[in-house]
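A closer look at the structure
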Amino acid sequence: MVAMNPLFDRVKSAREYAACVAEAVEGKGRAEVIAEAASLLSARLSETAYAWAAQIALADGKVLPGEHKFLSDIRKALKVHGVLAGKINAVAAILNRSK
């Protein structure tokens, strides 16, 4: 996903980037990590971040209850309106159709 997203076009190594992120969030709870990340994003990039999260959650064609809760938590932290989130989810589902 990092290779496909223009937000990460300056990242030279996805593996090194992932290791750096893992180190930065180590020992923090999920809510703390989400809140910290959300505070660093503009409203426009918050929508983009939610879209990428939805795309990843739907990569296997379904959203499990835990993934649904995670998307809901992210949506609220990023202040993405529910109607927009629904549209994003619909597009992510379309993009991940396998048949």
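Structure shown above.
This text gives an overview of the structure that appears in the document. These figures come from a predicted structure and were not determined experimentally. (Residues numbered from 1 in each chain as written. Predicted model: local features only at pLDDT ≥ 70, side-chain atom pairs only at ≥ 80, totals over all residues. Heavy atoms only, no water.)

Topic: the packing of helix α2 (residues 30-39) against helix α4 (residues 65-78)
Running from N to C, α2 and α4 point in directions that differ by 40 degrees, and their axes come no closer than 9 Å. It follows that α2 is oblique to α4 by the angle criterion. When you trace α2 past α4, the crossing you get is right-handed. Contacts from R30, I34 and A38 of α2 reach α4 at K69, F70, D73, I74, A77 and L78. (Axes fitted to C-alpha atoms, helices over the stretch in contact; angles between N-to-C directions. Helix = DSSP H or I, 4+ residues; strand = E, 2+ residues; numbered from the N terminus. Parallel < 35°, antiparallel > 145°, perpendicular 65-115°, else oblique. Left-handed = near helix turned anticlockwise from the far one by under 90°. Contact = heavy atoms within 4.5 Å.)

Here we look at the pattern of salt bridges
Following the criterion strictly, the structure yields three salt bridges and no others. Its salt-bridge partner being E36, residue K28 comes within 2.8 Å of it at the nearest N-O pair. Its salt-bridge partner being D73, residue K69 comes within 3.0 Å of it at the nearest N-O pair. Placement of both K69 and D73 in helix α4 is noted, with a separation of four residues, approximately one turn of the helix. Note on K69: relative accessible area 46%, which makes it partly exposed. (Salt bridge = Lys/Arg side-chain N within 4 Å of Asp/Glu carboxyl O. Buried < 20%, exposed > 50% of the residue type's maximum accessible area, 1.4 Å probe, protein only.)

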